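Spelled out from the first residue to the last, the chains are:
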Amino acid sequence: MKTIELHYEGKVAVVTGAASGMGLLASKELAAAGAKVVMCDVNAEALEREAAAIAGDSAVAREGGVAAPCPCDVRDWADAQKAAALALDRFGRIDLLFNFAGGNEARVCNSHVPFHEQPREVIDWGLDVNLRGPIYMARACLQAMVAQKGGVICLLGSVTGFEGDGNGAMYGTAKSGLFNFVKSLAKDGAPHGVRAFCVSPGPVLTRPGMAGMKTLLGRAAEPSEVVDFILYLASEKGAFVTGSNHVVDGGRLCISR
Ligand SMILES: NC(=O)c1ccc[n+]([C@@H]2O[C@H](COP(=O)([O-])OP(=O)(O)OC[C@H]3O[C@@H](n4cnc5c(N)ncnc54)[C@H](O)[C@@H]3O)[C@@H](O)[C@H]2O)c1
């Protein structure tokens, strides 16, 4: 049987949304594969706890993996610069940027009203975390990638970027913006050996509520089903992938509703 080996030993990764869900899982997987991971999240308490747990894992230490917490808000330009600077100061380069920080503003801000009633702060949160954040992070990290002639940027889209959402209207708007931004990143990065791709999941079981979303396969994804795909695309095995958006949705977008 052919085994697909993905090599991440010695790579330096910046991961946002690293304190929970898929960002945390990706951080664990990267560190276990021997990568040095700068874990970024606005939830400083959970971030410190999770980074310490990864750093204290003997299997991670054996592989040379490192987890460095970087409390930061991706909406803040200075914080994005801080995350990139931490990676460069401590590890000397940035090979990977995974942008997991995000969320539907209606859910996260607990504002389950239609768009025409959404408070401005909720609208701003949805746009800023889901669109401005990945743009700031990419701007902060891409410069180092261009200088070192290589790197990979992963954006997290969503099927909502195709479907829209009457309550969390900015979530889908921002995610569809990433479908275009990934092409610009690919065009900017290609002459310098930098790739960018977007992965757009359907429902993922990072919280129980996602089990209720319809898919053709009749279930939501396990977080590993999305993270493993990202780790494949970001590795040497995905070397021909850039500028594209990859839907991982159990056939949700095929369902006529
Ligand atoms: N879970 C799903 O069903 C699903 C489906 C489609 C797309 N996605 C996308 O995948 C990504 C990860 O989803 P998840 O369910 O694993 O997320 P999650 O909700 O478990 O974690 C998101 C993390 O982002 C952090 N965060 C929020 N605002 C931030 C900010 N301003 N700065 C830094 N960190 C911030 C949170 O503290 C949290 O730790 C998101 O972008 C999400 O939109 C998820």
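Let me sum up the structure you'll find in this document. Worth saying up front: this structure is predicted, and the values here are computed from it rather than measured.

### Focus on the pairing of strand β2 (residues 36-41)
Item 1. Of all six residues in β2, six are buried; the element is thus mostly enclosed.
Item 2. In this structure, strand β1 (residues 12-16) lies alongside β2, joined through five bridges in parallel fashion. The residue bridging T16 from the neighbouring strand is C40, located in β2.
Item 3. Both β2 and strand β3 (residues 66-71) contribute to a ladder of six bridges, which runs parallel. Looking across to β3, one finds that V38 is bridged to A68.

### With respect to the environment of V241
Item 1. Locating V241 in the fold gives a position in the loop between α9 (223-234) and β7 (244-248).
Item 2. With residues up to four places along the chain from it excluded, the contact list for V241 reads R195, F197 and L233.

### A look at the nonpolar core
Generally speaking, a soluble globular protein has its nonpolar side chains buried in company with each other.
Item 1. The biggest cluster of nonpolar side chains holds 79 residues, and the ones touching the most others in it are V14 and C141.
Item 2. A total of 13 residues in this core trace back to one element, the largest contributor, which is helix α6 (residues 120-148).
Item 3. For C141, the residues in contact, after removing those within four places along its chain, are V14, A84, I94 and L97.

### A few points about the pairing of strand β4 (residues 96-99)
Item 1. Neither face of β4 is left uncovered, since the one carrying L96 and F98 and the one carrying L97 and N99 both have all their residues buried.
Item 2. Here β1 pairs with β4 via four bridges, running parallel. Looking at the pairing, T16 lines up with N99 of β4.
Item 3. Two elements, β4 and strand β5 (residues 151-156), share four bridges in a ladder whose sense is parallel. Of the residues in β5, the one forming a bridge with L97 is I153.

### Overview of the packing of helix α4 (residues 77-91) against α6
Item 1. As a packed pair, α4 and α6 sit with axes 8 Å apart at the nearest point and diverge in direction by 30 degrees. Judged by the twist between their axes, the crossing of α4 over α6 is right-handed. Along its contact with α4, which presents W77, A80, Q81, A83, A84 and L88, the element α6 presents Y136, M137, A140, C141 and A144.

### Examining the site of the ligand
Item 1. Neighbouring the ligand are 26 residues, the closest being G17, G21, M22, G102 and T206.
Item 2. Looking at the shell around the ligand, the elements that each hand over two or more residues are α1 (21-32) and α6.
Item 3. By residue number, the principal contributor to the shell around the ligand is α1, which donates three residues.
Item 4. Taken together, the residues of the shell around the ligand sort by class into 12 nonpolar, 11 polar and three charged.

Scoring rules and cut-offs
Residue positions are counted from 1 within each chain, in the order its sequence is given. Whole-chain, interface and lining totals are the exception, using all residues; otherwise, since this is a predicted model, local features are given only for residues with pLDDT of at least 70 and side-chain atom pairs are given and counted only at 80 or more. Residues with at least 20 other C-beta atoms within 10 Å of their own are called buried, those with 12 or fewer are called exposed, and the rest are partly exposed. The C-beta atoms themselves are positioned from the backbone. A helix here means a DSSP run of H or I that spans at least four residues, while a strand means a run of E at least two residues long, and both kinds are numbered starting from the N terminus. A pair of strands is treated as paired once DSSP finds two or more bridges between them. Any pair of residues counts as being in contact when their C-beta atoms, constructed from backbone geometry, are within 7 Å of one another. As used here, a nonpolar core is made of buried Ala, Val, Leu, Ile, Met, Phe, Trp, Tyr and Cys residues. They are joined through C-beta atoms within 7 Å. Angular values range over 0 to 180 degrees, each being the angle between N-to-C directions of two axes fitted as lines to C-alpha atoms, with helices fitted over their stretch in contact. Crossings are classed by handedness, with left-handed meaning an anticlockwise turn of the near helix from the far one by less than a right angle and right-handed meaning a clockwise turn. Here, nearness is defined through the C-beta atom: a residue counts as near a molecule or strand if that backbone-placed atom lies within 6 Å of it. Throughout this entry, Asp, Glu, Lys and Arg are counted as charged residues, while Ala, Val, Leu, Ile, Met, Phe, Trp, Tyr, Cys and Pro are counted as nonpolar. The remaining residues, Gly among them, count as polar.

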